[in-house]
Structure formats: structure tokens, C-alpha cells
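# Structure assessment
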Amino acid sequence: MSTQPLPLRGITVVAVEQAVSAPFATRQLADLGARVVKIERPDGGDFARGYDTAAGGLASHFVWCNRGKESVAVDLKDPRGIAVVRRLVAGADVFVQNLAQGAAARLGLDAATLCAAHPRLIGVDISGYGAGGPYAHKRAYDMLVQCEAGLVSVTGTPEQPVKAGIPAADIAAAMYAFSGVLAALVRRGTTGLGGPVEISMLESLAEWMGHPLHHGMHGGEAPARTGVAHAVIAPYDAYPTADGGQVLLSVQNDREWRRLAEQVLGRPELGDDPAFATNTARVAHRAKTDAVVAEALAGLATAEAVDRLEAAGIACARLNSVADVAAHPQLAARDRWREVDTAVGPLRAMLPPITLPGGAEPRMGAVPALGEHTDAVLRELGVPDGERAELRRDGVVA
């Protein structure tokens, strides 16, 4: 049986992008077969290249978000550089940008302007707070948007709010940009027309706040911060084990509590004790509930605790470290790791979560060096040798 091609094969994307939100969105497109031409500044490129050197000397954010792309280094402050980008856009299906609010419009590279000139083009503007309103020109970094969207207010312990340990606002915007492009491509397939797509980091993350937002708007107050515990279920928390690990368990109903009491805690009488027999009672006596569970698990090694919980039909998980995830047996068993080429040699990376059985495997191309594809792309555009040399000499390209 023949393998189906990657679904975005034949689609060309041009991206004037930086940091995480737009690069992560266009990386999803590249993984699914699109050609992605990344426009970078000649003097250092995407500033995410300089965040750290943790990935074998390269920046971990950049390696994560930019595989499979072509890097073209162009100075957008020079009219000749803008002309190069416009020539690229004229042959593209999708254009994505996440420059500071208003910057793309000043360059004539905003979605509305480009889509008016190219009716089949899908133009994506990613911003922090949207094109209008009092926050339109406010600086929007991930941590700041996490705060504005209320995520930090519901994350952490009762004593201390904390931001998410991943760039949640950037990722939310990236995934809505990715799905927005796919939706616009489907629409273009039926109407023949592209059009603008607008994505705001604030609106993306506010949508992800659905449960606490609706709880607060309609129930009178937002859920309390409870660390890894659950605000309205007990026991539902992480408990230390004898070998220094932690096991998180969740009891969803009173039948499960009775099984936990009998088969794991070794205290079957707690199954019908009025202080513990119902979830309402366990939440009301949360400290006592947690104490009896903690006492039992403290005498067990992590693996033994997990085995007993699973044998009793209690949902549970290890509280894994980043290193544990990199060595996770489930990811290994499902063959989710590949190697991606980079300027410092191959680096390990995870296959994207979208699996298309019967289709070609996602294309996990190399992470480009700055300006690695500039000459090839200019030649493809028909720029003569002499003009390319002049552009390079003047610093317009690199």
C-alpha cells in the first residue's frame, strides 16, 4: 500500500518571525510538509538564537521551534530587503509575522496589506493583545501575558502564585495560529480566496483559562491555588515515597476510596468512616486525608507504590523530572524520538504529536544556520549574481 504524502506538501510559508509564538506555529507547518522560509535580521537573526547555549552550543528555544526551515537573512530597514521579501510573498501560500504591534504595517507586511495584493494568500498577524484596544501597543512577553490572562493567579500554592514553567502564552498563540492556517487553507480550497488571520496571545491564553474563568464568572469565585492538589477532590495530590520520589494519585469516587483504604493504606475501616467515606467529607478533612495517605506511601518505594495503586485501580503517576521525561519508557516504546541535524551535529528531538497512520512520517528537517539559504533563495527568485553580491556587500542580506 502506498504511503500518503505529508498533508502540507506543496504549501510555501514565508515568516518574519522571532522568539516562540510564530516560530513554533510555522514549525508545525514545516513538520507536516510545508516549505517554510524564515526571514531573519543579518545582524544576529532571530533573537531567540541568543537565549542560551544549552543545546550543544545552540539555544534550546531556537532548536525546538525552528527545525525544517530555510533561513534567509534580510535587512528589512533597507527598501531592497523589503523588495526581496515581497517577491517571496508573491509566490507564497501563507505569510506569518509576529513583529511588535504596528511594525509590520509600517513595512507593508501586515496581513491586510499583503492579502489585498495577493487574494489567495493567507496572512497571519500574531500579536500580544490584538490590533485594537488600550493594550494594543503594550509590550507582550510570555510571563507578562500569563499574568494578564490570570494564569498565574490560579497556578502555585495558596501562599505563592507562580508562572507556568513553559511559555504557555506563546504556545497557546502558536497553536491557534497553526490551526488558523489549516482552517484558512481548507476555506481557500473551497472559495479560492485566502485572507487575514489574527491571533492574540492574551485571547489565546484567556481561552485556555476556560475552567477557572467560567468557575469564577458563574460560580462567584475562582478555584483556589492548591499546588498539585485538586481544589474539590481528595485525595488528589503528590505524596513522598521511601526512595525520595513522589507519586501523585487521584481518587475520583467513593468506591475508589474504599479500594485505596483496603488495598493500599491497609486500613479498610477508613472506607466507611464518616470522616472519609465521601469526597465531601474527605475535602472537609483534607489534612487528615492527606496524612493517612502520606503515611502509607512513605513506607513504600516509588515503584512499589505505583504497582499497588495500579493493582487497586487507582489513577496514579510519578512526579517526573525533565530527565525522567527524556527517558520515559512510554515515549521510547512508541518510538517518538528522532535526530535532527544542526550546525553542531545531530540533536535528539521528539516527533510531533499529530500522527497520521498510513501517511508519511513528519518531516523533521535540519535547524538552519543564520542565512544558510539566502543565496539559494535569491537565485530561485532570479536575482543576478552581480546584484546578490551587491546586496551582500551592502549588508542588505547575509
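Look up: the structure comes first, before these words.
Structural notes, computed from the coordinates. (Residues numbered from 1 in each chain as written. Predicted model: local features only at pLDDT ≥ 70, side-chain atom pairs only at ≥ 80, totals over all residues. Heavy atoms only, no water.)

For the rest of this paragraph, the subject is the pairing of strand β4 (residues 94-97). Alternating positions in β4 separate into two faces, V94 and V96 on one and F95 and Q97 on the other, with burial throughout. Here strand β1 (residues 12-16) runs beside β4; their pairing, made up of 4 bridges, is parallel. Within β4, the position partnered with V16 by the bridge is Q97. Note: β4 against strand β5 (residues 122-127), 4 bridges, orientation parallel. Paired with V94 across the two strands is I122, which belongs to β5. (Buried < 20%, exposed > 50% of the residue type's maximum accessible area, 1.4 Å probe, protein only. Helix = DSSP H or I, 4+ residues; strand = E, 2+ residues; numbered from the N terminus. Pairing = 2+ DSSP bridges.)

Let us now look at the nonpolar core. Among the nonpolar cores identified, the biggest contains 40 residues, and V13, V94, V96, V124 and I126 are the most heavily contacted of them. Contributing elements (two or more residues each) for this core: β1, α1 (21-31), β4, β5, α7 (168-191), β6 (195-200) and α8 (201-208). With 11 residues, α7 is the largest single contributor of residues to this core. In contact with I126, other than residues within four places in its own chain, are S21, A22, V96, Q97, N98, L99, A173, A177 and I199. (Core = buried A, V, L, I, M, F, W, Y, C linked by side-chain atoms within 4.5 Å. Contact = heavy atoms within 4.5 Å.)

A word on the environment of P353. Within the secondary structure, P353 is located in the loop between β11 (347-350) and α16 (374-380). The exposed category is assigned to P353, whose relative accessible area is 72%. Separated by 17 residues in the primary sequence, P353 and R336 have C-alpha atoms spaced 8.9 Å apart.

What follows is about a nonpolar patch on the surface. On the surface, a cluster of nonpolar side chains totalling about 300 Å² of accessible area is made up of Y141, M143 and L144. Examined against the element boundaries, L144 turns out to sit in helix α6 (residues 142-148). For L144, a relative accessible area of 33% puts it in the partly exposed group. (Patch = residues over 30% accessible without salt bridge, like charges linked within 9 Å, V, L, I, M, F, W, Y side chains within 5 Å. Areas by Shrake-Rupley, 256 points an atom, 1.4 Å probe, with all protein chains shown as cover. Salt bridge = Lys/Arg side-chain N within 4 Å of Asp/Glu carboxyl O.)

Spatially, β3-β2-β1-β4-β5-β6 is the arrangement adopted by the 6 strands of the open sheet, whose pairing is parallel. Among the strands making up the open sheet, the edge pair consists of β3 (69-73) and β6. The average undirected angle you get between the axes of adjacent strands in this sheet is 20°. Examined bridge by bridge, strand β2 (residues 35-40) and β3 share 5 bridges and lie parallel to one another. Paired with K38 across the two strands is S71, which belongs to β3. Along the sheet, helix α3 (residues 79-90) makes contact with β1, β2 and β4, crossing β2 at roughly 165°. Contacts from α7 reach β4, β5 and β6 within the one sheet, and its direction differs from that of β5 by about 165°. (Axes fitted to C-alpha atoms, helices over the stretch in contact; angles between N-to-C directions.)

Moving on: the environment of L319. Within the fold, L319 resides in the loop between β9 (315-318) and α14 (322-326). A relative accessible area of 43% places L319 in the partly exposed class. Linking L319 and V396, residues 77 residues apart in sequence, is a C-alpha distance of 50 Å. With near-sequence residues (within four places) excluded, L319 lies in contact with A238 and Q246.

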